[in-house]
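A closer look at the structure
As a plain string of letters, each chain reads:
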Amino acid sequence: MVPYAFTLQGEVLKNAPLPPLWLASISLAQNAVSLAIATFVGLRLLRPAGYELVPTKPYAWSSVLLGVGTAGAIVAAEAAFVHFSSYSGLSDLVVPPLGQRLLASLYGGITEEVLLRLFVMTLLAWAIGRLFGRSARSAPVAVAAIVVSAVLFGVGHLPALAQSGALTTIVIVRTIALNAMGGVVFGWLYWRRGLAAAMLAHLTADLVLHVVVPTVVSHLESR
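Residues numbered from 1 in each chain as written. Predicted model: local features only at pLDDT ≥ 70, side-chain atom pairs only at ≥ 80, totals over all residues. Heavy atoms only, no water.

1. Quick word on the overall build of the protein
A count of helices and strands for the protein gives nine helices and zero strands. Going from N to C terminus, the protein has its helices and strands arranged as α-α-α-α-α-α-α-α-α. At 18 Å, the protein has a C-alpha radius of gyration in line with the 17 Å of a compact globule built from 223 residues. Across its three principal directions, the C-alpha atoms of the protein cover 55 × 40 × 35 Å. Going through the 223 residues of the protein one by one, you find that 36% of them count as buried. If you take every contact in the protein between residues at least 6 apart in sequence, the share linking residues at least 24 apart comes to 78%. (Helix = DSSP H or I, 4+ residues; strand = E, 2+ residues; numbered from the N terminus. Rg over C-alpha atoms; globule rule 2.2 N^0.38 Å. Buried < 20%, exposed > 50% of the residue type's maximum accessible area, 1.4 Å probe, protein only. Contact = heavy atoms within 4.5 Å.)

Next comes the structure, spelled out in C-alpha cells:
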C-alpha cells in the first residue's frame, strides 16, 4: 500500500518533515503492530464466536462473482452521486501506476479483512452476543456486527481523502456509503462462509475498482 499512498499524497509529502524512507518505515511498523493485535484478538475470539477462517464448502466462484457484483454496484452508486448531487467525482485525484494499484488491491483484500472482519466484526459479534445472551452467529447479532463494521470500514477511508484535500460533506457521505456497501457484502460472506470467502470477494472488488475501471476509463479518454 505504501507506493500507492505515496503517489496519491505526493504533494503533501513534499512538505513532510521526514524523508519518504522514514515515513514508509513508520507506516510499516504501525501496520505490523495493528495487524499483530488484530490477528491475535480475532483468532482468540474466532471459535467462541462461531466463525470460520476457511469455508468447508466450495466458495471461490461465488466469492469472485459477489466481488464483481459489489464493484459494479459501487460504480453505479458513484454515478448516481455524480448525477443527483453536487458531488462531481474524484477525477482530479492522481491515478497511481498499474503495479501500485495491483498491490493496493492485495492490501484491501488481505489487510482490511483482517482488521475489519477478523478483528472488529468478530469482537463486536462476540461482545454483543455476550451482552444480550445470544449466539454470536445469530442473525440479529451478526447483522449488527456487519453493519457497524461496514460503517467503520467506510470511515476508515476518510483520512486518506482528507490528506488529498478532497474532503467535503458530500464526499464524506459518498465515501462512507460506497465503502459500507462493500463492507456489508464482505461481512455477510464472513458470517455465512468464512474469512477466506470475504477476502477473495474484497480482492476481486478492488481489482475491478482500482485496476479494471481506471484502465478502461483511461483508454476511453485517450481515444
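So much for the structure itself; the text now carries on.
2. Some remarks on the environment of methionine 199
Mapped onto the elements of the fold, methionine 199 is located in helix α9 (residues 195–222). C-alpha separation for the pair methionine 199 and threonine 111, spaced 88 residues apart in sequence, amounts to 9.0 Å. Apart from the residues within four sequence positions on either side, methionine 199 is in contact with Gly109, Ile110, Glu113 and Val114.

3. Section: the nonpolar core
Residues Tyr51, Leu118, Met121, Ala125, Tyr190 and Trp191 are the most contacted members of the largest nonpolar core, which totals 28 residues. Among the secondary structure elements, those contributing two or more residues to this core are α3 (20–49), α5 (98–132), α6 (139–155), α8 (169–192) and α9. It is α5 that contributes the most residues to this core, seven residues altogether. Membership of the second largest hydrophobic core comes to seven residues, among which are Ala77, Tyr87, Val171 and Leu178. (Core = buried A, V, L, I, M, F, W, Y, C linked by side-chain atoms within 4.5 Å.)

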